[in-house]
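Summary of structural features
For reference, the chains in residue letters:
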Amino acid sequence: MSKEVQTIRRFTVDAEDDGIRLDRWFKRHLPDASFNIVSRWARTGQLRVDGKRAAPGDRIEAGQEIRVPPAEPVADARSKRLRPQISEETAEFARNLVIHKDKAALVINKPPGLATQGGTKTSEHVDGLLDALCFELEARPKLVHRLDKDTSGALLLARTPRAAAHFSKAFSSRTARKVYWALVVGVPDIHDGIIDLPLAKQPGTGGEKMHVDEKEGQPSRSRYRVVERAGNRCCWVELQPYTGRTHQLRVHMAAIGHPIVGDGKYGGKDAFLTGTISRKMHLHARRIRIDHPDGGQVDVRADMPTHMADSFADLGFDLEIGDALTLDEPKRSETPEAKRRAAAARAKDARKERKGERRSRGEVKAAPKPGRSKPAAKPKGRQK
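Parameters and conventions
- Throughout this document, residue positions are counted from 1 along each chain, in the order its sequence is written.
- With pLDDT at 70 or above as the cut-off, local features in this predicted model cover only qualifying residues; side-chain atom pairs require 80 or more to be listed or tallied, and sums for whole chains, interfaces and linings still use all residues.
- Neither water nor hydrogens contribute to the side-chain values; these are computed over all heavy atoms in the structure.
- Here the rule is simple: two strands pair whenever DSSP picks up at least two bridges between them.
- Per the convention used, a helix needs a DSSP run of H or I reaching at least four residues, while a strand needs a run of E reaching at least two, with both numbered from the N terminus.
- In what follows, residue pairs with any heavy atoms lying within 4.5 Å of each other are defined as contacts.
- Axis angles are defined between N-to-C directions and span 0 to 180 degrees, where every axis is a line fitted to C-alpha atoms and, for a helix, only to the segment in contact.
- Put plainly, a pocket is an open set of points on a 1 Å grid over the protein atoms alone with protein on both sides within 12 Å along at least five of seven lines, a cavity is a set where a 1.4 Å probe fits but cannot get out, and a lining residue has an atom within 4 Å of a point.
- Grid points are joined across faces, edges and corners, and a volume is the space filled by probe spheres set on the points.
- With a 1.4 Å probe rolled over the protein chains alone, any residue whose accessible area is under 20% of its type maximum counts as buried; one over 50% counts as exposed, and the rest are partly exposed.
- Polar contacts, as used here, are pairs of N or O atoms within 3.5 Å; protein pairs need one atom able to donate a hydrogen and one able to accept it. Residues neighboring in sequence count only if both atoms are side-chain atoms.
- As a working rule, the residues Ala, Val, Leu, Ile, Met, Phe, Trp, Tyr, Cys and Pro are called nonpolar, Asp, Glu, Lys and Arg charged, and the rest polar, with Gly in that last group.
- Two rings belonging to Phe, Tyr or Trp (six-membered ring only in the last case) form a pair when the distance between their centres is within 6.5 Å. Interplanar angles under 30 degrees mark stacking, angles over 60 mark edge-to-face geometry, and anything in between is tilted.

1. Describing the sheet that holds strand β4 (residues 65-68)
Pairing between the strands of a sheet comes from backbone hydrogen bonds, and it takes one of two forms, parallel or antiparallel. Within the open sheet, the four strands sit side by side as β1-β4-β2-β3. Their pairing is antiparallel. Two strands bound the open sheet, and with one partner strand each, they are β1 (9-12) and β3 (52-53). Alignment of strand β2 (residues 48-49) against β4, held across two bridges, turns out to be antiparallel. Of the residues in β4, the one forming a bridge with Val 49 is Ile 66. Helix α2 (residues 22-29) contacts β1, β2 and β4 of the sheet and is inclined by roughly 70° relative to β4.

2. Some details on the layout of surface pockets
The computed volume of the largest pocket comes to approximately 1,200 Å³. Elements with a contribution of two residues or more to the lining of the largest pocket: α5 (161-172), β9 (177-185), β11 (199-201) and α6 (248-255).

3. Structural notes on the pairing of strand β16 (residues 297-301)
Along β16, the buried face is formed by Val 298 and Val 300; none of Gln 297, Asp 299 and Arg 301, which line the opposite face, is buried. Pairing of strand β15 (residues 283-291) with β16 involves five bridges; the strand directions are antiparallel. Residue pairing across strands places Ile 288 opposite Val 300, the latter belonging to β16. Where β15 hands over to β16, the hairpin turn is made up of five residues, of which Gly 295 adopts a positive phi near 105°.

4. Some details on the pairing of β9
Summarising burial for β9: nine of the nine residues are buried, a large majority. Side chains Arg 177, Val 179, Trp 181, Leu 183 and Val 185 of β9 all project onto a buried face; the interleaved residues Lys 178, Tyr 180, Ala 182 and Val 184 project onto the opposite face, where all are buried too. Here β9 pairs with β15 via six bridges, running antiparallel. From the neighbouring strand, Val 179 faces β15, where its bridge partner is Arg 287. When β9 meets strand β14 (residues 234-241), the two strands line up antiparallel, connected through six bridges. Within β14, the position partnered with Leu 183 by the bridge is Trp 236.

5. Side note on the environment of Ile 290
Inspection of the secondary structure assignment puts Ile 290 in strand β15. Exposure remark for Ile 290: the relative accessible area of 1% places this residue in the buried category. When residues no more than four places from it in sequence are discounted, the contact partners of Ile 290 are Leu 156, Phe 167, Ala 170, Phe 171, Ala 176, Gln 297 and Val 298.

6. What to know about the side chain of Thr 116
With respect to the helices and strands, Thr 116 occurs in the loop between β6 (105-110) and β7 (142-143). A relative accessible area of 1% means that Thr 116 is categorised as buried. Side-chain polar atoms of Thr 116 contact the backbone oxygen of Leu 147, separated by 2.7 Å. The residues touching Thr 116, leaving out its near neighbours within four places in the chain, are Lys 110, His 125, Val 126, Asp 127, Leu 143, His 145, Arg 146, Leu 147 and Leu 155.

7. Remarks on empty space enclosed by the protein
Scanning the model with the defined rule gives one cavity of 30 Å³ or more in all. What lines the largest cavity is Val 179, Trp 181, Glu 238, Arg 286, Arg 287, Arg 301, Gly 322, Asp 323, Leu 325 and Leu 327. Looking at side-chain class alone, the lining of the largest cavity contains four nonpolar, one polar and five charged residues.

8. So, the packing of aromatic side chains
According to the stated counting rule, one finds seven aromatic pairs in the structure shown. Taking 6.2 Å as the distance between ring centres and 50° as the angle between the ring planes, the aromatic pair formed by Phe 26 and Trp 41 counts as tilted. Of this pair, Phe 26 sits in helix α2 while Trp 41 sits in helix α3 (residues 35-43); the two residues are 15 residues apart in sequence, bridging distant segments of the chain. Classification of Trp 41 as buried rests on a relative accessible area of 3%. Their ring planes at 40° and their centres at 5.8 Å tell us that Trp 236 and Phe 317 sit as a pair that is tilted. Here Trp 236, found in strand β14, pairs with Phe 317, found in the loop between α8 (306-314) and α9 (319-323); they are 81 residues apart in sequence, far enough to count as distant. Residue class for Phe 317 comes out buried when judged on its relative accessible area of 10%.

9. Quick notes on the environment of Val 298
Looking at the element boundaries, Val 298 is found in strand β16. Residues Val 298 and Lys 101 lie 197 residues apart in sequence; the distance between their C-alpha atoms is 9.7 Å. Contacts of Val 298, omitting those with residues within four sequence positions, involve His 100, Asp 102, Ala 105, Val 107, Ile 288, Arg 289, Ile 290 and His 292.

In structure tokens form, the structure reads like this:
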């Protein structure tokens, strides 16, 4: 056996990768093989699936064998960015955040002040903790949605590529349900309402701030329900976002004149209460419910952070009242995916109708033969 044959790599497609494109498989499992390299292997016949030549866009199935040429040397290994190692203390902190764990999903209770992802001047974030949350699996979990840095609560992580695709689809099709608890300034006149205001990035803020924009904004809908009130000073509201815009709940509540307590960004100085109420943000992702890729649902509640729990206790709120509220059921017929399917069905019916019209116009009827015209019908009844 030659040295070249000895270094050829063979992989078996597992169930998590069933149905994905071959180039996507490389991105997941052999990220060092760029798309250009994979395309070259395909053109020269070196890339094969079950012994047959394959293209990057081909779909693969569980159980198939992928034949991959020897790895190509990296031009500069120093240019490859490596994630920093996590200390045991940090890893223990990350594992203590987990409030739900199964084969496909993790749910953590994100503390306020911890960003979901890194950015400018942001070195501590959930994404940097994921290596500590692999548990019995080799791959690190994946983020499928976000919470603002100062918002606490239930954050879902996908443990496999299949689960990540499933959960991402659930969020984009709006079948997932998230419940937030918030303390807001004042008390809305309508105790159970829908806020339907389009949102866009506010010019001049570098995308760091959103605002209501009736002309250029994206559709944004939120439901709020007043749970309990502390006179006219403030109240506890339950919030359910029907869309997933940046800072949506914060902008919507400020727009109706009841900013979230502690949200100076959108409520200004009016967002802060005097007395024992903390100046921190009072917005918490209390519950998440989403269909599980293996059937059933992930339905998890997260305890409030200390500052919110103290505020609620000081105001005499009963937490059991909030948990007793009925969670909205998503109307499947109104989800973007359902609307796309309905539009596709209507288009298909229209094509069939046009095709039938073309056939009708193209039909040729036999002309009557000369000299054999049908005699006129005699009028019925007696003639005088």
